[in-house]
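The lines below spell out each chain.
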Amino acid sequence: MSKLTTILFVAFILFSCKNDKTPENKEEIAPKTEINTFKVAFDLTVLKDDNFHLYYTQDGTINFDEKQSVWLPVKGSANQQEIVFNLPEDVIPTHLRVDFGFGKNEAQSDIVLKSFKMNYLDKKFEATDGQIFNYFYPNELSTIVDKTTFRLKKVKKDQESGPSLYPQIGLTEEITKMTR
């Protein structure tokens, strides 16, 4: 009798713990959507692999720090590509700063910036080519901008950071319009 009890117990455990992926359980297995995230995208050409860094603030200052930032590994390509930063859920920035590269990475070439986009809920904003510089200005210590080709260059090949852009007041105004 104890063998029969053991077999029934094992059978009960096996059948009651099966991983049921029927339509009733789809919510559990479906990937989480990013509906409420604020997205920032750049269309650009970057030839070498690197890591880009988007900083944001939520308090109206430009006191950027690591705690409020998003890292994004980027694969180099001769083709233009879109890189998208997804801010953490429910984060609404007041200012943005982007660093195009991390560390010395002396092999990194210039970066050609074609457009900048922001999306939040059903609202979108886009600036292309030279319009981008109405919303960002270059960090002059690390960045040279050719405004005819929209090319970002390092001031020195061996500098510790890549080119970086800081927010202008127009960027803050566009973020405010999108988040009202």
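Before any of the text, the structure's been laid out above.
Remember, it's a predicted structure, so these values are computed and weren't measured experimentally.

Participant: Pulling in residues and values, what's your account of the pattern of salt bridges?
Facilitator: Summed over the entire model, instances satisfying the criterion amount to 6 salt bridges. Two residues, D43 and K117, come together in a salt bridge whose shortest N-O distance is 3.1 Å. One end of the pair, D43, is in strand β1 (residues 39–45); the other, K117, is in strand β6 (residues 111–120), with 74 residues separating them in the sequence. Relative accessible area serves as the criterion here: at 12%, D43 is assigned to the buried category. We note a salt bridge from K114 to D129, for which the minimum N-O separation is 3.0 Å. Here K114 is found in strand β6, whereas its partner D129 is found in the loop between β7 (123–128) and β8 (136–138), with 15 residues between them in sequence.

Participant: Residue-level account of the pairing of strand β11 (residues 164–167), with values.
Facilitator: Bridge analysis of strand β5 (residues 95–100) against β11 gives 2 bridges, and the strand direction is antiparallel. Within β11, the position partnered with V98 by the bridge is L165. Pairing of β8 with β11, which is carried by 3 bridges, proceeds in the antiparallel orientation. The residue bridging F136 from the neighbouring strand is P167, located in β11.

What counts and what doesn't
Residues numbered from 1 in each chain as written. Predicted model: local features only at pLDDT ≥ 70, side-chain atom pairs only at ≥ 80, totals over all residues. Heavy atoms only, no water. Salt bridge = Lys/Arg side-chain N within 4 Å of Asp/Glu carboxyl O. Helix = DSSP H or I, 4+ residues; strand = E, 2+ residues; numbered from the N terminus. Buried < 20%, exposed > 50% of the residue type's maximum accessible area, 1.4 Å probe, protein only. Pairing = 2+ DSSP bridges.

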